[in-house]
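Observations on chain architecture
Chain by chain, the residues run as shown.
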Amino acid sequence: MSPEALAYLAAYLDDVGLPDDGGLIWRTRRGETRPLTYWAARRILQRATEQLGMNWTLHDARHTAATRFARDPEMTLAEVQTILRHAHVTTTALYTVVGLDDLVDKLAEHYGRPAQPAAWSQQYDPQDVAVVFGAR
């Protein structure tokens, strides 16, 4: 959990109070207080995205989190699978896509390194290599 998320959680708990022992942290704030269900959270996000002119969903947030987890070098794919509750690691592996920023950085590193001269195995006759690839 990020420090920012903890700060938001602390502010939320300051506002709504600590839950009872064994009680749920996330509760509705409209109408009577009750546990925040998936459907209530979904509706909160729908109202927010309508006001922002966006079309985000809770699934989008899950997908974003899954992609960030899978790209974290400190997390194994099995750990991400467990967090996401995927039955098969092949489902989790779908989130291991390489980001465009990473590709650009890797290409810049590649072209920034000096070119390595071709080295031929000692098993080849240097004259044969020169005939096929030209003299160097």
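The paragraphs below set out a description of the structure included in this document.

Residues W120, Y124, V131, V132 and F133 make up a contiguous nonpolar surface patch of about 600 Å² in total accessible area. By secondary structure assignment, the location of F133 is in helix α7 (residues 126-133).

The full count for this structure, using the stated rule, is three aromatic pairs. Ring geometry for Y12 against W26: centres 4.7 Å apart, planes inclined by 35°, an arrangement best described as tilted. A residue pair is termed long-range when its members are at least 10 positions apart, and Y12 in helix α1 (residues 3-16) and W26 in the loop between α1 and α2 (38-52) qualify at 14 residues. Assessed through its relative accessible area of 12%, Y12 is described here as buried. With a centroid separation of 4.6 Å and 20° between ring planes, the pair formed by W120 and F133 is classed as stacked. Note that W120 is positioned in the loop between α6 (100-112) and α7 and F133 in helix α7, a separation of 13 residues in sequence. Judged by relative accessible area, which is 33%, W120 ranks as partly exposed.

With that out of the way, let us pick up α1. Over its 14 residues, α1 runs 20 Å from end to end, which matches the ideal 20 Å to within 8%, given 1.5 Å per residue. Along α1, the residues that are buried comprise L9, Y12 and L13. Along α1, the residues classed as buried sweep out an arc of 95° about the axis, all on the same side. Pointing more than 90 degrees away from the buried face of α1 are the exposed residues P3, E4, Y8, D14 and D15. Immediately downstream of α1, the backbone of G17 shows phi near 90°, a positive value.

For Q81, the location among the structural elements is in helix α4 (residues 77-84). Residue classification places Q81 among the buried residues on the basis of a relative accessible area of 17%. The residues touching Q81, leaving out its near neighbours within four places in the chain, are H86, A87, H88, V89 and T92.

Rules behind the numbers
Residues numbered from 1 in each chain as written. Predicted model: local features only at pLDDT ≥ 70, side-chain atom pairs only at ≥ 80, totals over all residues. Heavy atoms only, no water. Patch = residues over 30% accessible without salt bridge, like charges linked within 9 Å, V, L, I, M, F, W, Y side chains within 5 Å. Areas by Shrake-Rupley, 256 points an atom, 1.4 Å probe, with all protein chains shown as cover. Salt bridge = Lys/Arg side-chain N within 4 Å of Asp/Glu carboxyl O. Helix = DSSP H or I, 4+ residues; strand = E, 2+ residues; numbered from the N terminus. Phe/Tyr/Trp six-rings, centres within 6.5 Å; stacked < 30°, edge-to-face > 60°. Buried < 20%, exposed > 50% of the residue type's maximum accessible area, 1.4 Å probe, protein only. Expected span 1.5 Å × (residues − 1). Arc of directions from axis to C-beta. Contact = heavy atoms within 4.5 Å.

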